[in-house]
Amino acid sequence: MNENVLIPTTVYAARVKDRELLERSSSGGAFTAISDFFLERGDAVVCAIYNYEFNQTEFCLVTDKKARDQALGSKYMQSNLGNICKTALQWLKDNPDKMLLFVGMGCQADGFRKFAETTHIRDRIVVVDIICHGSPSPKLWREYANVLENKHSGKIKYLTFKDKRNGWNHPTAVAQINGEEVSLREYVKIFYNKCALRPSCHECPYATTERKTDITIGDFWHIEKTIPDFYDSQGTSLFLIHTEQGLELFDSIKASLDYQVSNTEECWQINLERPTEKSPMREQFWSEYQAKGIEYIMKKYGNDSLQKKVKNKLKHMFGGGYCLTDICAPDSGILETGYETYFIAVPDLYGRAA
């Protein structure tokens with residue numbers, strides 16, 4: 001697996017055949033199918049794992065499925081890259097016959113790709129990026145998590161933003177504290193109405209179907225309309241394959257998948273065409289956050305007005321779905337690798353480049 005030559009993007013709709021695994025996955029199980037291939041050969045996987053002690057998501061290098069499973073599920077927050085480039089490089093030096101898989105957002109994955117090219121390890125790396133709506137301030141999440149923990153007198157022990165109990169199209173976001181479920185609806189609403197996203201995300205160069213990673217994965221949204229015969233209520237993943245190496249990898253895992261060839265028209269979604277738009281109320285949101293704190297902005301921006309609740313109820317009753325108010329919306333950041341800087345600057349608390 002050593003051809004990083006770019007090819008015209010090849011598109012697949014796919015999901016794992018294992019129904020239990022599909023139900024545990026955020027989408028169609030693409031990440032697990034890909035990472036299984038590497039772990040079963042003794043290779044390493046770099047992925048984002050939630051740290052329950054510090055309420056933050058961190059990139060880790062894992063070499064077994066138990067550790068990898070901690071990375072399952074979507075994280076609606078920015079991940080801390082830390083020293084992962086140095087860690088990955090050292091692991092490859094210590095294991096000269098092995099490969100490494102990197103999975104991250106577009107900016108993170110492309111930064112790692114450039115690092116791999118500069119350090120001459122690109123032929124031993126497979127880079128997979130994930131379709132991204134944008135990344136909120138990590139400190140905003142930590143403060144919100146602390147509020148929940150204080151309110152419920154315990155630590156968060158489990159966290160999911162896309163539980164499929166109501167189906168893939170209607171995900172449920174919950175945390176578990178003291179054995180009880182706590183809704184994360186306020187935070188999710190702010191995530192989707194773009195209040196807390198970083199300024200640079202509105203100018204993201206990776207919001208396109210053409211990328212330099214090996215594979216792009218994400219949810220195959222609207223498949224019930226574009227490929228209705230392949231729709232599954234438990235989810236379907238989108239694979240955008242950009243390189244010969246990506247094609248080889250897909251061929252290696254497709255026996256574990258139900259899949260169908262698609263195209264860029266059938267898989268269209270906003271963040272494959274353009275970045276998430278900035279909300280006209282973003283500045284007001286951050287100004288009020290600075291002045292009045294996390295609980296105030298969660299109450300104001302994370303809840304619907306009575307009028308909006310009635311409107312959403314009517315929309316849902318008549319098949320219109322749930323409507324999020326468009327209120328407010330990743331500055332990308334610096335990753336010190338010891339060689340060069342490859343990632344744009346991580347924002348401070350108020351969304352400014354630190």
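Structural data are supplied above this passage.
These notes cover the structure that comes with them.

### Section: the sheet that holds strand E3 (residues 56-62)
Moving on, step 1. On the basis of which strands lie adjacent, the open sheet formed by nine strands has the order E4-E3-E2-E5-E6-E10-E11-E1-E12 and mixed pairing. The open sheet is flanked by strand E4 (79-80) and strand E12 (257-261), the only strands paired with a single partner.
Moving on, step 2. In this structure, strand E5 (residues 100-105) lies alongside strand E6 (residues 125-130), joined through six bridges in parallel fashion. By the bridge assignment, Val103 is partnered in E6 with Val128.

### Focus: the packing of helix H7 (residues 185-192) against helix H11 (residues 294-301)
Moving on, step 1. Two numbers describe how H7 lies on H11: the axes approach to 9 Å, and their chain directions differ by 75°. As far as their axial angle goes, H11 and H7 are roughly perpendicular. Contacts between H7 and H11 involve Glu186, Tyr187, Lys189 and Ile190 from the former and Ile297, Met298, Lys299 and Tyr301 from the latter.

### Digging into the pairing of strand E1 (residues 6-16)
Looking down a regular strand, the side chains alternate between one sheet face and the other.
Moving on, step 1. Counted residue by residue, E1 has eight buried out of eleven residues, so it is predominantly covered.
Moving on, step 2. Relative to strand E11 (residues 237-243), E1 runs antiparallel, the two sharing six bridges. Across the sheet, the residue bridging to Ala14 is Ser237, located in E11.
Moving on, step 3. With five bridges joining them, E1 and E12 adopt antiparallel strand pairing. Residue pairing in the sheet places Ala14 in a bridge with Tyr259 of E12.

### Comments concerning the layout of surface pockets
Moving on, step 1. Approximately 440 Å³ is the volume attributed to the second largest pocket.
Moving on, step 2. Taken together, 21 residues make up the lining of the second largest pocket; nearest its centre are Arg24, Leu72, Tyr158, Leu159 and Thr160.
Moving on, step 3. For the lining of the second largest pocket, the secondary-structure elements that each account for two or more residues are helix H1 (19-24), strand E2 (44-51) and strand E7 (156-163).
Moving on, step 4. The biggest single contributor to the lining of the second largest pocket is E7, with six residues.

### Observations regarding the side chain of Thr276
Moving on, step 1. Position of Thr276 relative to the elements: it lies in the loop between E12 and helix H10 (282-292).
Moving on, step 2. Assessed through its relative accessible area of 7%, Thr276 is described here as buried.
Moving on, step 3. Looking at Thr276, its side chain comes within polar contact range of the main-chain oxygen of His133, at 2.5 Å.
Moving on, step 4. Among the polar contacts listed, one links the side chain of Thr276 to the side chain of Asn271, at a separation of 3.1 Å.

### A short note on the pattern of salt bridges
Moving on, step 1. Under the criterion given, the structure shown has 20 salt bridges.
Moving on, step 2. When the shortest N-O distance is used, the salt bridge between Asp36 and Arg68 registers 2.8 Å. Of this pair, Asp36 sits in helix H2 (residues 30-39) while Arg68 sits in helix H3 (residues 65-68); the two residues are 32 residues apart in sequence, bridging distant segments of the chain. When sorted by exposure, Asp36 lands in the same class as Arg68, which is buried.
Moving on, step 3. A salt bridge links Lys300 to Glu288, with the nearest nitrogen and oxygen atoms 2.9 Å apart. Of this pair, Lys300 sits in helix H11 while Glu288 sits in helix H10, and the two are twelve residues apart along the sequence.
Moving on, step 4. Judged by relative accessible area, Lys300 falls into the partly exposed class, the value being 35%.
Moving on, step 5. Connected through salt bridges with shared partners, the residues Asp36, Glu40, Lys65, Arg68 and Asp69 form a single ionic network.

Calculation notes
- Residues numbered from 1 in each chain as written.
- Predicted model: local features only at pLDDT ≥ 70, side-chain atom pairs only at ≥ 80, totals over all residues.
- Heavy atoms only, no water.
- Pairing = 2+ DSSP bridges.
- Helix = DSSP H or I, 4+ residues; strand = E, 2+ residues; numbered from the N terminus.
- Axes fitted to C-alpha atoms, helices over the stretch in contact; angles between N-to-C directions.
- Parallel < 35°, antiparallel > 145°, perpendicular 65-115°, else oblique.
- Contact = heavy atoms within 4.5 Å.
- Buried < 20%, exposed > 50% of the residue type's maximum accessible area, 1.4 Å probe, protein only.
- 1 Å grid on protein atoms, 1.4 Å probe; cavity = no way out; pocket = protein on both sides within 12 Å on 5 of 7 lines; lining within 4 Å.
- Points joined across faces, edges and corners; volume = space filled by probe spheres on them.
- Polar contact = N/O pair within 3.5 Å; in protein donor to acceptor, adjacent residues only side chain to side chain.
- Salt bridge = Lys/Arg side-chain N within 4 Å of Asp/Glu carboxyl O.

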